[in-house]
Amino acid sequence: MTAKRALTVLAATAAAALTVTATTTSAAAPARAAACGAGYVGLTFDDGPSGTTTKLLDALRQNGLRATMFNQGQYAAANPSLVRAQVAAGMWVANHSYTHPHLTRLGQAQIDSEISRTQQAIATAGGGTPKLFRPPYGETNATVKSVAARYGLTEIIWHVDSQDWNGASTDAIVQSVARLTNGQIILMHDWPANTLAAVPRIAQTLATRGLCAGTISPQTGRAVAP
Ligand SMILES: [Zn+2]
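Residues numbered from 1 in each chain as written. Predicted model: local features only at pLDDT ≥ 70, side-chain atom pairs only at ≥ 80, totals over all residues.

A.B. asks: Looking at this model, I keep getting lost on the overall build of the protein chain. Mind explaining?
C.D. replies: Check the secondary structure of the protein chain and you find 8 helices and 10 strands. Out of the 226 residues in the protein chain, the part that is buried amounts to 36%. In the protein chain, the share of contacts with a sequence separation of at least 24, taken over all contacts with a separation of at least 6, comes to 75%. (Helix = DSSP H or I, 4+ residues; strand = E, 2+ residues; numbered from the N terminus. Buried ≥ 20, exposed ≤ 12 C-beta atoms within 10 Å, placed from the backbone. Contact = placed C-beta atoms within 7 Å.)

Structure, rendered in structure tokens:
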């Protein structure tokens, strides 16, 4: 390449860079102004902490997302450092029963044990005392609700099921996120590879729509500003 040719390329590159900057600025200015303008949604990840939690936390943090982690008590007890990692990454830690049974098939004492042991395991690990509870499979009844209430827990199901537990593709998971409106909550899981892969596009999708990842209010059961 001649020096003149190299200069031309450099000039063209610089011009392209300027163009990109200008385009980004004009296009992003309204988006920035509207950041969170459309409200907040609740991203939730169930069934951890596990061997995939660290990667998920890294991805969420790198993409500026915060989420609620509905942990199983047995895994919180086995991996207390991962519960602390969830907190350190800015996530909110919640109760998803101890062994993930079908709670509606259990008696009150067993339900109580599932919920109370998980509160204890998470608190002992350093995750604080959860305020939110999600029954496994979203299955609940009056007994489950009353036991949860006894521990000061608000029951949280979901508005949108990403189907990530059922083999949903990364595209499909992102499309599920795109259906969320202000205050709504989406069900995802700690373990699917497609969910981990979807995280950057989830962040992009929310930003484009003026939505931010929020915390879940124990008072209303809806996503709100952190
Ligand atoms: Zn679950």
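A.B. asks: Honestly, the nonpolar core in this entry has me stumped. Any pointers?
C.D. replies: Nonpolar side chains in soluble globular proteins tend to end up buried together. In this structure, Val41, Met69, Ile186 and Leu206 are the most contacted members of the largest nonpolar core, which totals 51 residues. Residue contacts for Val41: discarding those within four places in its chain leaves Leu180, Gln184, Ile186, Leu206, Leu211, Ala213, Gly214 and Ala223. (Core = buried A, V, L, I, M, F, W, Y, C linked by C-beta atoms within 7 Å.)

A.B. asks: Can you help me understand the packing of helix α5 (residues 108-125) against helix α6 (residues 142-150) in this one?
C.D. replies: The description of two packed helices rests on the angle between their axes and on the distance between the axes. Packing of α5 against α6 brings their axes to within 10 Å, and their N-to-C directions diverge by 45°. Taken together, α5 and α6 sit at an angle that is classed as oblique. Our pair here, α5 against α6, has a crossing hand that is right-handed. Where α5 approaches α6, its residues Gln108, Ile111, Asp112 and Ile115 are matched on the opposing element by Thr143, Val144, Val147 and Ala148. Counted by class, the contact of α5 with α6 contains 5 nonpolar, 2 polar and 1 charged residues. (Axes fitted to C-alpha atoms, helices over the stretch in contact; angles between N-to-C directions. Parallel < 35°, antiparallel > 145°, perpendicular 65-115°, else oblique. Left-handed = near helix turned anticlockwise from the far one by under 90°. Nonpolar A, V, L, I, M, F, W, Y, C, P; charged D, E, K, R; others polar.)

A.B. asks: Would you take a moment to explain unusual backbone geometry for this structure?
C.D. replies: Outside of glycine, negative phi angles account for most residues, and trans bonds account for most peptide bonds. Of the consecutive residues Gly48 and Pro49, the connecting peptide bond is found in the cis state with omega at -5°. With respect to the helices, strands and loops of the structure, Pro49 is situated in the loop between β1 (39-46) and α2 (53-62). A positive phi angle, close to 60°, is found at His100, a residue other than glycine.

A.B. asks: Quick question: what am I supposed to make of helix α7 (residues 170-178) here?
C.D. replies: Owing to its 3.6 residues per turn, the α-helix brings residues three or four apart onto one side. Taken together, the buried positions of α7 are Ile173, Val174, Ser176 and Val177. The buried residues of α7 occupy an angular sector of 155° when projected down its axis, which confines them to one face. Buried residues along α7 sit against β6 (160-161), β7 (185-189) and α8 (193-208). (Arc of directions from axis to C-beta.)

A.B. asks: How should α5 be read in this particular structure?
C.D. replies: In a regular helix each residue adds 1.5 Å, so 18 residues correspond to 26 Å; α5 covers 26 Å between its end C-alpha atoms and thus fits that length. Listing the buried residues of α5 in full gives Ile111, Glu114, Ile115, Thr118, Gln119, Ala121, Ile122 and Ala125. Where the residues of α5 are buried, they touch β2 (68-71), α3 (73-78), α4 (80-88), β3 (92-95), β4 (132-133) and α6. Gly126, located one to two residues past α5, shows a positive phi value of around 105°. (Expected span 1.5 Å × (residues − 1).)

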